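One-letter residues, chain by chain:
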Amino acid sequence: MSLKFKSPPSLQQDDIDGAAEKLEIEFPSDYVDFLLKQNGGVPQPNVLPLKDGDVTIDRFYSIYRRATAKSASWDLVRVTRHFRNELNLPANRLPIALVDGGDVLVLTVAGKGTGRVARWSMIESGYDPTRVTAVSPSLSKLLKQLDHSVARATAARKQLYQQLDNALIAGDVKAVEKLIPQVDLSQPPRNFIPPAHCAVLASNATMLAVLKDLGVDCSTKWAGKTPLKEAREQMEQEQSVLELGPTLGLPKMEISRSRKKVAELQKIVTLLSRGK
């Protein structure tokens, strides 16, 4: 397998047994094998292709013989204790890696589903089973999924979407016209902001008009809102700045910026309303 890791110093079985004892759990055998070979660290490639969107693994947690301030964020024992004490992580779930968006991969170490890997989202709100989604039936299978050729193609695809987002926010019409035909907007990666929403967030009516000319669906919801709803809410916020700005003593530059945004957002609302 071409998978490589940039890892902390290697471990002995005693180190792993000591960590398991501190956490009062038993590590699944494939996780023990993984720690003996890699002791966590940064994988390369690190893009995990899944049916509902790709997952980028930032780093697997590691076991350290001596805890330091530098290693604290990646120390398996310290991180697990923090999640248990502060975020109510169940004792049969073990955090094994940090992934994109600040989410965490957790390994079931006891009870039903032992050995399975899942993604825990919105961890800052505390543990909630409804925010835990299956990723792989085992850690060993997850590692096999990080196949170099697949991951490389997936990473290239993800980079295209990122370039499109950047071009939309920057208002680069030529780049957008070039990139739109290269991406499948019906199956975007996780955390991708739909084009029309990017145009709204950037208050760019010209870009929205370009997207409509390119045949892009400008009604796709993001964060539960259509672009039209987002534009109306943005416009209300900016109009409040115009109304209250002088009373609150806001700088003239900020009030002028809001005035320009309102003008653009009015154009956007008109464009989107025509497409209803």
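Attention in this report is confined to the structure presented alongside it. Here the structure is a predicted model, which is why all the values come from computation and not from measurement.

1. Notes on the side chain of Ser203
- Among the structural elements, Ser203 can be located in the loop between helix H7 (195–201) and helix H8 (205–213).
- Taking relative accessible area as the criterion, Ser203 reaches 8% and is therefore assigned buried.
- Not counting the four nearest positions on each side in its chain, Ser203 is found in contact with Lys261, Glu264, Leu265 and Ile268.

2. Side note on a negative patch on the surface
- Together, Asp14, Asp17, Glu21 and Glu24 make up a negatively charged patch on the protein surface.
- Here Asp14 is to be found in helix H1 (residues 13–23).
- By relative accessible area, which is 63% here, Asp14 ends up exposed.

3. Describing the pairing of strand E5 (residues 93–99)
- Of all seven residues in E5, six are buried; the element is thus mostly enclosed.
- Both strand E4 (residues 55–60) and E5 contribute to a ladder of three bridges, which runs antiparallel. Its bridge partner being in E5, Phe60 is matched across the sheet by Ala97.
- In sequence, E5 turns back onto strand E6 (residues 104–108) through a hairpin of four residues, with Gly101 there showing a positive phi of about 80°.

4. Things to note about unusual backbone geometry
- Look at the link from Gln44 to Pro45: it is a cis peptide, with omega at 0°.
- With a phi close to 50°, Ser203 is a non-glycine residue in the positive phi region.
- You will see that Ala223, though not glycine, has its phi angle at about 55°, which is positive.
- Tracing the chain through its elements places Ala223 in the loop between H8 and helix H9 (227–248).

Calculation criteria
Residue indices follow the written sequence of each chain, beginning from 1 at its first position. Thresholds applied to this predicted model are a pLDDT of at least 70 for local features of residues and 80 or more for the giving and counting of side-chain atom pairs; totals over whole chains, interfaces and linings are not thresholded and use all residues. Computation of side-chain values covers all heavy atoms of the structure but excludes hydrogens and water. By the criteria applied, helices consist of DSSP H or I runs no shorter than four residues and strands consist of E runs no shorter than two, each listed in order from the N terminus. Working definition: with a 1.4 Å probe on protein chains only, accessible area under 20% of the residue-type maximum means buried, over 50% means exposed, and in between means partly exposed. Should any heavy atoms of two residues lie within 4.5 Å, those residues are considered in contact. Residues forming no salt bridge and having over 30% relative accessible area are the ones grouped into patches, like charges within 9 Å of each other and nonpolar side chains (Val, Leu, Ile, Met, Phe, Trp, Tyr) within 5 Å. Under the convention used here, a 1.4 Å probe and the Shrake-Rupley method define accessible areas, while residue burial counts only the protein chains that appear. The salt bridge criterion pairs a side-chain nitrogen of Lys or Arg with a carboxyl oxygen of Asp or Glu, the two atoms within 4 Å. Only four residue types enter the tally: Lys and Arg on the positive side, Asp and Glu on the negative side, with His and both chain ends excluded. For the purpose of locating charges, the reference atoms are NZ of Lys, CZ of Arg, CG of Asp and CD of Glu. In this description, strands pair whenever DSSP reports at least two bridges between them.

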